[in-house]
Amino acid sequence: EVLYHLVCFKDYESRASWYKTSPEIEIELHQRLYKTKSGKPALLFFDAPTMISYQVPPKAIETTYCRKEDTPWECDEYLGIDPELMRIPISHVEARKSTVG
């Protein structure tokens, strides 16, 4: 049996936190976690790459979910990336040197 996780957000701010990048998550973990007296990591099985893996389900899990007898509506609406939504005008993009670290 395959286990699924459902994550709901009360507001857009919470959703934005869920989709932070790996470096943003890593910085937040370091800022919010207290150091242990032993010096060992406070979290043994969780880090930024683990969090990133929760953001988007693996394709195999998505495929299994969408092969149910009564196909969930999300499979028609949100499956994959819509290339039309990915078109951003070049005027909205800027590249510059990072000011972090």
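Trainee: How do you make sense of the overall build of the protein when you look at a structure like this?
Mentor: When helices and strands are tallied, the protein shows five helices and zero strands. Seen in sequence order, the protein has helices and strands lined up from the N terminus as α-α-α-α-α. Taken over 101 residues, the protein has a buried fraction of 10%. Put simply, of all contacts in the protein between residues at least 6 apart along the chain, 40% involve residues at least 24 apart. Split by element, the accessible area of the protein, about 9,900 Å² in all, is 57% carbon and sulfur.

Trainee: Where do I start with the packing of helix 2 (residues 22-32) against helix 3 (residues 48-55) in this structure?
Mentor: The relative placement of two packed helices is expressed as an angle between their axes plus a distance between the axes. Here helix 2 crosses helix 3 at 130°, and the two axes come no closer than 9 Å. Classified by the angle their axes make, helix 2 and helix 3 are oblique. For helix 2 against helix 3, the interelement crossing comes out right-handed. Of the residues in helix 3, those touching helix 2 at Ser 22, Ile 25, Glu 26 and Leu 29 are Ala 48, Pro 49, Met 51, Ile 52 and Gln 55. Its residues assigned to classes, the contact of helix 2 with helix 3 comprises six nonpolar, two polar and one charged.

Trainee: What am I meant to see in the packing of aromatic side chains here?
Mentor: For any two aromatic rings, the description comes down to two numbers: the centre-to-centre distance and the angle of the planes. Evaluation of the coordinates by the stated rule reveals one aromatic pair. Between Phe 46 and Tyr 54, the aromatic rings sit 6.5 Å apart at their centres with planes inclined by 15°, giving stacked as the arrangement.

Trainee: Hey, could you run me through the environment of His 30 in this one?
Mentor: Considering the arrangement of structural elements, one finds His 30 in helix 2. Its relative accessible area of 60% is what places His 30 among the exposed residues. Here the alpha-carbon distance between His 30 and Ala 42, two residues twelve residues apart in the chain, equals 10.0 Å.

Trainee: Help me understand the state of the cysteines in this model?
Mentor: In protein structure, a disulfide is the covalent linkage between the sulfur atoms of two cysteines. According to the stated counting rule, one finds one disulfide in the structure shown. A sulfur-sulfur separation of 2.0 Å characterises the disulfide bridge that pairs Cys 66 with Cys 75. Here the disulfide of Cys 66 and Cys 75 is left-handed, its torsion about the S-S bond being about -90°. With respect to class, Cys 66 is no different from Cys 75; both count as buried.

Trainee: What am I meant to see in helix 3 here?
Mentor: Note that an α-helix has 3.6 residues per turn; residues three or four places apart therefore point the same way. Residues Ala 48, Met 51 and Gln 55 constitute the buried set of helix 3. Take helix 3 and look down its axis: the buried residues cluster within an arc of 60°, on one side only. For helix 3, the elements touching its buried residues are helix 1 (12-18) and helix 2.

The rules we used
- Residues numbered from 1 in each chain as written.
- Predicted model: local features only at pLDDT ≥ 70, side-chain atom pairs only at ≥ 80, totals over all residues.
- Heavy atoms only, no water.
- Helix = DSSP H or I, 4+ residues; strand = E, 2+ residues; numbered from the N terminus.
- Buried < 20%, exposed > 50% of the residue type's maximum accessible area, 1.4 Å probe, protein only.
- Contact = heavy atoms within 4.5 Å.
- Areas by Shrake-Rupley, 256 points an atom, 1.4 Å probe, with all protein chains shown as cover.
- Axes fitted to C-alpha atoms, helices over the stretch in contact; angles between N-to-C directions.
- Parallel < 35°, antiparallel > 145°, perpendicular 65-115°, else oblique.
- Left-handed = near helix turned anticlockwise from the far one by under 90°.
- Nonpolar A, V, L, I, M, F, W, Y, C, P; charged D, E, K, R; others polar.
- Phe/Tyr/Trp six-rings, centres within 6.5 Å; stacked < 30°, edge-to-face > 60°.
- Disulfide = S-S within 2.5 Å.
- Arc of directions from axis to C-beta.

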